[in-house]
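Results of the structural survey
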Amino acid sequence: SWSNGSTGPVSSYYNTSGLVTVEATNTTGCIGYDSTYLDIGPEINFTLDLPDFCEGEPAVVVNDRVDSVGGVFSGAAISQNGDDYTLDPNSIPLGDSVMTFYTYTTDFNCSKKDSVWTKHYQLPQVFFHPADNRFCIDEGLIDLTSGTPAGGYYYGPGVSSSNAQFDPDSTS
């Protein structure tokens, strides 16, 4: 029997450190004891937070994107340079995603592995070609409506973004 009263080859689930004693009785009735100290490592918890990318964005070092540093990143878009792990969106096909893994191992040689999907988004095709792009300085406000896709944001000298208008007089 075990020190906790259980019998059999496995006594119970231990989740705290402590002294464990086993007692065995042979067929002649003799009882033997042995004890050992079980040192149980803490539960491994971490949060992995990796970015998604838009087309043209640069690679990023991801070492600090997890709250339990010191683990190992892996996956199709991960490369390692010294101690730094880099997530490169150019390794992810546009419009697709890849899985990135993080494995953390404690001093007790306990490991936990987690993964997240990283997406690589294609940029929208934006066009802005007004029928006329030459204006007189005193022409007044000009509505900016020829940008596609609709719902975009106009900005620049003389442009009022709140109502998508251009004032040629404000550029002088």
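To be clear, the structure that these remarks concern was listed above.
Quick caveat: nothing in here was measured; it's all calculated off a predicted structure. (Residues numbered from 1 in each chain as written. Predicted model: local features only at pLDDT ≥ 70, side-chain atom pairs only at ≥ 80, totals over all residues. Heavy atoms only, no water.)

A few points about the overall build of the chain
The following threshold applies: By the criteria applied, helices consist of DSSP H or I runs no shorter than four residues and strands consist of E runs no shorter than two, each listed in order from the N terminus. The buried label goes to any residue with under 20% of its type's maximum accessible area, the exposed label to any with over 50%, and the partly exposed label to all in between, with areas taken from a 1.4 Å probe on protein chains only. Only heavy atoms enter the contact rule, under which two residues are in contact if any of them lie within 4.5 Å. Note on areas: these come from Shrake-Rupley sampling with a 1.4 Å probe, and a residue is covered only by the protein chains present in the view. Two residue types count as positive, namely Lys and Arg, and two as negative, namely Asp and Glu; His and chain ends fall outside the count. We put the charge of a Lys on NZ, of an Arg on CZ, of an Asp on CG and of a Glu on CD.
For the chain, the helix and strand inventory stands at zero helices and 14 strands. Taken from N to C terminus, the helices and strands of the chain fall in the order β-β-β-β-β-β-β-β-β-β-β-β-β-β. Reported as C-alpha extents along the three principal axes, the dimensions of the chain are approximately 110 × 30 × 25 Å. Within the span of the chain, comprising 172 residues, buried residues form 22% of the whole. Look at the contacts in the chain between residues 6 or more apart in sequence, and 41% of them connect residues 24 or more apart. As displayed, the chain has an accessible area near 11,900 Å², and 51% of this comes from carbon and sulfur atoms. Of the charged side chains in the chain, 5 are positive and 22 negative; the average position of the first set lies 5 Å away from that of the second.

Side note on the sheet that holds strand β6 (residues 78-81)
To keep it simple, the criterion reads: Note on pairing: two strands pair once DSSP finds at least 2 bridges between them.
Strand order in the open sheet formed by three strands is β4-β7-β6, and the pairing between neighbours is antiparallel. With partners counted over all chains shown, the strands left at the sheet margins are β4 (60-61) and β6, one partner each. Bridge analysis of β6 against strand β7 (residues 84-87) gives four bridges, and the strand direction is antiparallel. When the sheet's bridge partners are listed, N81 is paired in β7 with D84.

Some points on the sheet that holds strand β11 (residues 142-143)
Through backbone hydrogen bonds, the strands of a sheet pair up, either in parallel or in antiparallel fashion. Ordered by their spatial adjacency, three strands build an open sheet running β11-β14-β13, and the pairing between neighbours is antiparallel. The two strands at the open ends of the sheet, each matched to only one other strand, are β11 and β13 (159-160). Alignment of β11 against strand β14 (residues 165-166), held across two bridges, turns out to be antiparallel. The partner of I142 across the bridge, within β14, is F166.

A word on the packing of aromatic side chains
The following threshold applies: Only Phe, Tyr and Trp rings take part, Trp by its six-membered ring, and two of them pair if their centres are within 6.5 Å. Stacked means planes under 30 degrees apart, edge-to-face means over 60, and tilted covers everything else. Our definition puts a charge over a ring when NZ of Lys or CZ of Arg is within 6 Å of the ring centre and also within 35 degrees of the ring normal.
Scanning all chains against the criterion turns up six aromatic pairs. Here F46 and Y102 contribute two aromatic rings whose centre-to-centre distance is 5.1 Å and whose plane-to-plane angle is 80°, an arrangement assigned as edge-to-face. Placement of F46 in the loop between β2 (31-38) and β3 (53-54) and of Y102 in strand β8 (residues 97-105) is noted, with a sequence separation of 56 residues between them. Residues F128 and Y154 carry aromatic rings whose centres are separated by 5.3 Å and whose planes lie at 65° to one another, so their mutual orientation is edge-to-face. Separated by 26 residues along the polypeptide, F128 in strand β10 (residues 127-128) and Y154 in the loop between β12 (147-148) and β13 bring together distant segments of the chain. Members of the aromatic cluster, joined through ring pairs, are F46, F73, Y85 and Y102. One residue, K112, lies across the ring of F46, its end atom 5.2 Å from the ring centre. The side chain of K113 reaches across the aromatic face of F101, ending 4.9 Å from its centre.

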